[in-house]
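# Structure assessment
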Amino acid sequence: MHTQYPFERNIIKKCDICDNIVLVDEFGHGRCEHCNWAQSKSHEESEGYHKISYPDLVPLSKARIQYKNGQPFTPSFEDFINGLLFYS
Ligand SMILES: [Zn+2]
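These numbers were taken from a predicted model, which means no experiment stands behind them.

To continue, consider the coordination of the zinc ion. Within the first shell, the zinc ion binds the protein through C15 (SG), C18 (SG), C32 (SG) and C35 (SG), at distances of 2.3 Å. In terms of primary sequence, the donors binding the zinc ion are separated according to C-x2-C-x13-C-x2-C. Neither C15 nor C18 differs from the other in exposure class; each is buried.

Written out as structure tokens, the structure is:
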């Protein structure tokens, strides 16, 4: 039996941050249960540009460092302002 739901999270990928298995929907959205990072295709597309994506508001490169250091994903004030500017 094969039933399609528009937002079903049935795609397996590696977490952008911790490399654990995470289930995402067809848009690449899904939250990692291990590190709580919200996966997003826009992270992949923007990697290298240090652009910030809702809902995390932390650049992927910085989030990886914070994960390694055991820190929560917290944007700096500058990241937060950039996020506001980007989405306003
Ligand atoms: Zn993760």
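In this section: the side chain of D25. Turning to its location among the elements, D25 is positioned in the loop between β2 (21-24) and β3 (30-31). One buried charged residue, D25, forms no salt bridge at all, with the nearest opposite charge on R9 at 4.6 Å. Here the side chain of D25 touches H29 through a polar contact of 3.0 Å, landing on its backbone nitrogen.

For the rest of this paragraph, the subject is the environment of I21. With respect to the secondary-structure elements, I21 resides in strand β2. Note on I21: relative accessible area 60%, which makes it exposed. C-alpha separation for the pair I21 and C32, spaced 11 residues apart in sequence, amounts to 7.8 Å. Not counting residues within four places of it along the chain, the set of residues in contact with I21 comprises I12 and K13.

Considering all chains together, one arrives at two salt bridges under this definition. The shortest N-O distance in the salt bridge between K13 and D16 comes to 3.0 Å. Note on accessibility: K13 and D16 belong to one class, buried.

Here strand β1 (residues 11-14) pairs with β2 via four bridges, running antiparallel. Note on β2: the bridge partner recorded for K13 is V22. Between β1 and β2, which pair antiparallel one after the other, the connecting turn spans six residues, and D19 there sits at a positive phi close to 70°.

The next subject is the confidence of the model for the chain. Any segment with low pLDDT has predicted coordinates that should not be analysed in fine detail. For the chain, mean pLDDT is 79; residues scoring 70 or higher make up 73% of the total. Put simply, helix α1 (residues 41-46) is where the chain has its lowest mean pLDDT, 57, and β2 is where it has its highest, 94.

You will see that D19, though not glycine, has its phi angle at about 70°, which is positive. Note that D19 resides in the loop between β1 and β2. Within the chain, N36 stands out as a residue other than glycine whose phi angle is a positive 70°. By the secondary structure assignment, N36 is in the loop between β3 and β4 (38-39). Here N36 falls in the partly exposed class, since its relative accessible area comes to 47%.

What counts, and where the lines are drawn
- Residues numbered from 1 in each chain as written.
- Predicted model: local features only at pLDDT ≥ 70, side-chain atom pairs only at ≥ 80, totals over all residues.
- Heavy atoms only, no water.
- Donors = N, O, S within 2.8 Å, 3.2 Å for Na, K, Ca; no water.
- Buried < 20%, exposed > 50% of the residue type's maximum accessible area, 1.4 Å probe, protein only.
- Helix = DSSP H or I, 4+ residues; strand = E, 2+ residues; numbered from the N terminus.
- Lys, Arg positive; Asp, Glu negative; His and termini not counted.
- Salt bridge = Lys/Arg side-chain N within 4 Å of Asp/Glu carboxyl O.
- Polar contact = N/O pair within 3.5 Å; in protein donor to acceptor, adjacent residues only side chain to side chain.
- Contact = heavy atoms within 4.5 Å.
- Pairing = 2+ DSSP bridges.
- pLDDT = per-residue confidence, 0-100.

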